[in-house]
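Residue strings, one per chain:
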Amino acid sequence: MIQTVKLKGGSPIFDKVFKVMAAIAATYILAIIILIAFQLISGSYPIWDKEGISFLTGSGWNAVEGREVYGAAPYIAGTFVTAGLAMLIGVPISIGIAMFMSELAPKFLRSPLSFVIELLAAVPSVIYGLWGLFIFRDYIKNWIEIPLGNTFGNKVWFLSGAPFGLDIFTTSIVLAIMIIPTISTISREIMIAVPNSQREAAYMLGATKWEVFKMAVIPYSKSGLIGASILGLGRAVGETMAVTMLIGNATGPSAFPSSLFAPGQTMSSIIANEFAEASPGSLHLAALVGIGLILLIVAIAINIVAQLLVSRVLKAHEGAVLA
Amino acid sequence: MITIEQRAEFRKHFRNNISSRLITDKIVKGIVFGCVVLAIVPLTSILLEVVRNGAPTLSIAFFTQEPGAVGSNQLGGIGPAIQGTLMLIGMSSLIGVPVGVMGGIFLSEYGNNKYGHMIRFFNDVLAEFPTIVIGLFAFIVIVLVLGNFSLIAGMFALSIIMLPIITRTTEESLKLVPVTYREAGYALGIKRWVVVTRILLTSAKSGLITGIMLAVARIGGETAPLIFTILGSSQFFTGFDQPMDALPLRIWRLSLLPYNSSIAQGWGAALVLILIVLSLNIGMRYLFLGKRGRGGRFRITAGR
């Protein structure tokens, strides 16, 4: 009897207090986001003040006092080029994996396979970087870059330069591997959400598996698949450690992505690389914070678009989906 | 709508090219299977290389000693890094878990309104923030204010990364508890907060634990925000307001050194880290994930 009385929860005030506590916790999330945005804006104010719009368009990068000049254009370009290439490689493979898992794989294979893909998602970025730096780089350099460079290096601009292994090409491939689990798991869920009646209608016409996929699954899940890919793009854009370890860390105008086999720099990698040299209060630090702000805006924009596309498809199925 | 002519055309198309269509089908199946192989190869290579290069460095000293002087014969170990990672996980959970669970409770129990939808949306946005930006933020608000790199700043950054994961999984697990449980509680005259804490949270326990483990596995491998916050150190814990080491950070620093012995230690540290992260993920999968199907919000992510 005493136990029941205790369980009832005492005065109604506790109920209010509990609700307020929950609301505070939820508001904390919102507050953190606003605070992050505010701090990045105020922390980068000096650089916008000094460079203005040329911080976005310029390509000079000099932290020597008196000759300071900062332009983020090469790094913005580097981010988009590496992430774009990663999408180019990763999206078709991911869609293929998703198709295999939702349409083709026999039942006993599905669960082990999704487990393997999940393992790929669970490997920390820094380990991808380590593996890329000491293992993958040699394969890429000796088997792909050097033959391609020798054959086409003089004729094709994007294959020029001395292959070194630490460049935009290697980075993009490792990024592609890293976004495959994100895109393929979400794509698989989206394909599973396609009603079977769609497939059956196509089968009834005598379509093969591939035709069913092409005629029934793809049109039905197109926007979700695009959303999944964009979510992968967001992941690639924010990726830091693996990129920092593999991209070769060029600065200034030479960091503009000119060739696949040239070292580059992305927004996240320049922040990670140069942070140790930027003293508090310096313009250098403000420039790095400014790049962080651009990165944040890009990442948020990409994510919101992906969010809207993916959740619309899966809403009926299982609520909003995120990686 | 498809007209009768179109339908006839369809039928003709399907009837006429059977052999070539079957060949296309085979080719596509082959390509798709190739995609799967393409994804498995790097994973196998990563796991094999980490074990092959990392296993020889493992020893008692490797786990317990401080790192030796760079480039010298005294290799030392990664003791401080292991200590730092464990401390960071524990400390971040101190903030991340209660706030995240309360946030999840709000979204699930009180969040069916405009404000709730907004928070849910922003929570999902926060989950995809580049973590390097969160590191910069912690650097500005804690490191610059307190005047030096510290464990506290690292904890703050990692707790922000944990939050959305836990909020999301808590909400999802609470929503899976049948409404009848709530109703039974109310029928007994139990106050709402007791229903939530004693009935719902208990019923959703496995989902909650899954979420926490997912978050821990995530922050355990997180590197980028630590560069700006705990900085790295070669000593065991000296104070909460002092720099500290962590496994992913140590792997990164070791990989940049030009000595083979350091790089070997980097592989060793990578092996330790991957064992922690993967055992969390695998354990969780077998304990909980399989049971409740593949909820969209329970998804494994790795530290960046």
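Given the structure is predicted, the values throughout are model-derived calculations rather than measurements.

Engineer: Even after reading the chapter, I still don't get the overall build of chain B, so can you show me in this structure?
Structural biologist: A tally of regular secondary structure across chain B gives 13 helices and 0 strands. In terms of overall size, chain B is more extended than a compact globule, its C-alpha atoms giving a radius of gyration of 25 Å where 304 residues would be expected to give roughly 19 Å. Seen along its three principal axes, the alpha-carbon backbone of chain B occupies a region of about 80 × 65 × 35 Å. Buried residues in chain B amount to 52% of all 304 residues.

Engineer: Help me out: how do you make sense of the overall build of chain A in this one?
Structural biologist: A count of helical and extended segments in chain A gives 13 helices and 2 strands. The principal-axis extents of the C-alpha atoms in chain A amount to approximately 75 × 65 × 35 Å. Put simply, of all contacts in chain A between residues at least 6 apart along the chain, 76% involve residues at least 24 apart.

Engineer: Honestly, the domain arrangement of chain A in this entry has me stumped. Any pointers?
Structural biologist: Interface size is commonly expressed as the accessible surface area that is lost when the partners come together. Each assigned domain of chain A is listed here: domain 1 (2-43) and domain 2 (49-318). Domain 1 of chain A and domain 2 of chain A are separated by 37 Å when their C-alpha centres are compared.

Engineer: Please explain the domain arrangement of chain B as it appears in this structure.
Structural biologist: Residue and element names in this part refer to chain B. Domains assigned within chain B are domain 1 (4-57) and domain 2 (79-289). Put simply, the middle of domain 1 and the middle of domain 2, counted by C-alpha atoms, are 37 Å apart. On the side of domain 2, 7 residues touch domain 1, which itself brings 6 residues to the contact.

Engineer: Sorry, what's going on with the interface of chain A and chain B here?
Structural biologist: Taken together, the 83 residues of chain A in the interface contact 86 residues of chain B. The dominant element in the side of chain A that touches chain B, judged by the number of residues it contributes, is helix α2 (residues 12-43) of chain A, at 18 residues. Partitioning the side of chain A that touches chain B into residue classes produces 58 nonpolar, 16 polar and 9 charged.

Engineer: Sorry, what's going on with the packing of helix α5 (residues 73-104) of chain A against helix α2 (residues 18-54) of chain B here?
Structural biologist: Helices that pack against each other are described as a pair by the angle of their axes relative to one another and the distance between those axes. Where α5(A) contacts α2(B), the two axes come as close as 8 Å, and the packing angle between them is 110°. With respect to α2(B), the element α5(A) is oriented roughly perpendicular. Where α5(A) crosses over α2(B), the handedness of that crossing is left-handed. Of the residues in α2(B), those touching α5(A) at A:Ile93, A:Gly96, A:Ile97, A:Met99, A:Phe100 and A:Leu104 are B:Lys29, B:Ile31, B:Val32, B:Phe33, B:Cys35, B:Val36, B:Leu38 and B:Ala39. Looking at side-chain class alone, the contact of α5(A) with α2(B) contains 12 nonpolar, 1 polar and 1 charged residues.

Engineer: Hey, could you run me through the packing of helix α8 (residues 179-187) of chain B against helix α9 (residues 192-203) of chain B in this one?
Structural biologist: Residue and element names in this part refer to chain B. Their axes nearest at 10 Å, the elements α8 and α9 cross at an angle of 150°. When the interaxial angle is binned, α8 and α9 end up roughly antiparallel. For α8 against α9, the interelement crossing comes out right-handed. Touching Tyr181, Arg182, Gly185 and Tyr186 of α8 are Val195, Ile199, Leu200 and Ser203, all from α9. Residue composition of the contact of α8 with α9, grouped by class: 5 nonpolar, 2 polar and 1 charged.

Engineer: When you look at helix α10 (residues 205-220) of chain B in this model, what are you seeing that I'm missing?
Structural biologist: Residues that lie three or four places apart on an α-helix share one face, since the helix turns once every 3.6 residues. When the terminal C-alpha atoms of α10(B) are compared, their 22 Å separation across 16 residues agrees well with the 22 Å that a helix rising 1.5 Å per residue should span. When you tally the buried positions in α10(B), you get 13 out of 16 residues, the bulk of the element.

Engineer: Got a minute to help me understand the nonpolar core in this structure?
Structural biologist: Looking at soluble globular proteins, one finds that nonpolar side chains tend to be buried together. If you look at the biggest cluster of nonpolar residues, it comprises 187 residues, and the most contacted ones within it are A:Ile97, A:Ile127, B:Leu136, B:Ala153, B:Ala270 and B:Leu273. Element by element, the count of residues in this core is highest for helix α13 (residues 283-318) of chain A, at 15 residues. In this structure, B:Ala270 is in contact with A:Ile127, A:Leu130, B:Val50, B:Gly54 and B:Ile251, ignoring residues within four places of it in sequence.

Engineer: When you look at the confidence of the model for chain A in this model, what are you seeing that I'm missing?
Structural biologist: Close inspection of predicted coordinates is inappropriate for parts of the model with low pLDDT. For chain A, the mean per-residue pLDDT works out to 88, and 94% of the residues sit at or above 70. Per-residue pLDDT stays below 50 along residues 316-323 of chain A; that stretch engages in 21 contacts with residues further than four places along the chain or on separate chains.

Engineer: Explanation requested: unusual backbone geometry in the structure shown.
Structural biologist: With the exception of glycine, most residues fall at negative phi, and the peptide bonds are largely trans. The phi angle at A:Asn249 is positive, at roughly 55°, despite the residue not being glycine. One can find A:Asn249 in the loop between α11 (241-246) and α12 (267-274). A:Asn249 gets classed as partly exposed once you count the C-beta atoms within 10 Å, which come to 19. Here the phi dihedral of B:Leu231 falls at roughly 70°; this positive angle occurs in a residue that is not glycine. You can see B:Leu231 is positioned in the loop between α11 (224-229) and α12 (247-256). Taking the C-beta count within 10 Å as the criterion, B:Leu231 has 22 such neighbours and is therefore assigned buried.

Engineer: I keep staring at the environment of B:Ser206 and nothing clicks. Help me out?
Structural biologist: Residues and elements named next belong to chain B. Assignment of secondary structure puts serine 206 in helix α10. Classification of serine 206 as partly exposed rests on a count of 16 C-beta atoms within 10 Å. Along the backbone, serine 206 and leucine 256 are 50 residues apart, and their C-alpha atoms lie at a distance of 41 Å.

Engineer: Can you walk me through the environment of B:Asp241 in this structure?
Structural biologist: All names here are of chain B. Tracing the backbone through its elements, the reader meets aspartate 241 in the loop between α11 and α12. Spatially, the C-alpha atom of aspartate 241 lies 38 Å from that of leucine 43, the residues being 198 residues apart in sequence. Excluding residues that lie within four positions of it along the chain, aspartate 241 makes contacts with Leu146, Asn148, Ser150 and Ile152.

Engineer: What should I look at first to understand the confidence of the model for chain B in this one?
Structural biologist: Averaged over all residues, the pLDDT of chain B is 88; the fraction at 70 or higher stands at 96%. Confidence estimates for the predicted assembly give a pTM of 0.91 and an ipTM of 0.90.

Here is what the cut-offs are and how they apply
- Residues numbered from 1 in each chain as written.
- Chains lettered and ligands numbered in written order.
- Predicted model: local features only at pLDDT ≥ 70, side-chain atom pairs only at ≥ 80, totals over all residues.
- Helix = DSSP H or I, 4+ residues; strand = E, 2+ residues; numbered from the N terminus.
- Rg over C-alpha atoms; globule rule 2.2 N^0.38 Å.
- Buried ≥ 20, exposed ≤ 12 C-beta atoms within 10 Å, placed from the backbone.
- Contact = placed C-beta atoms within 7 Å.
- Domains from an automatic or database assignment.
- Nonpolar A, V, L, I, M, F, W, Y, C, P; charged D, E, K, R; others polar.
- Axes fitted to C-alpha atoms, helices over the stretch in contact; angles between N-to-C directions.
- Parallel < 35°, antiparallel > 145°, perpendicular 65-115°, else oblique.
- Left-handed = near helix turned anticlockwise from the far one by under 90°.
- Expected span 1.5 Å × (residues − 1).
- Core = buried A, V, L, I, M, F, W, Y, C linked by C-beta atoms within 7 Å.
- pLDDT = per-residue confidence, 0-100.

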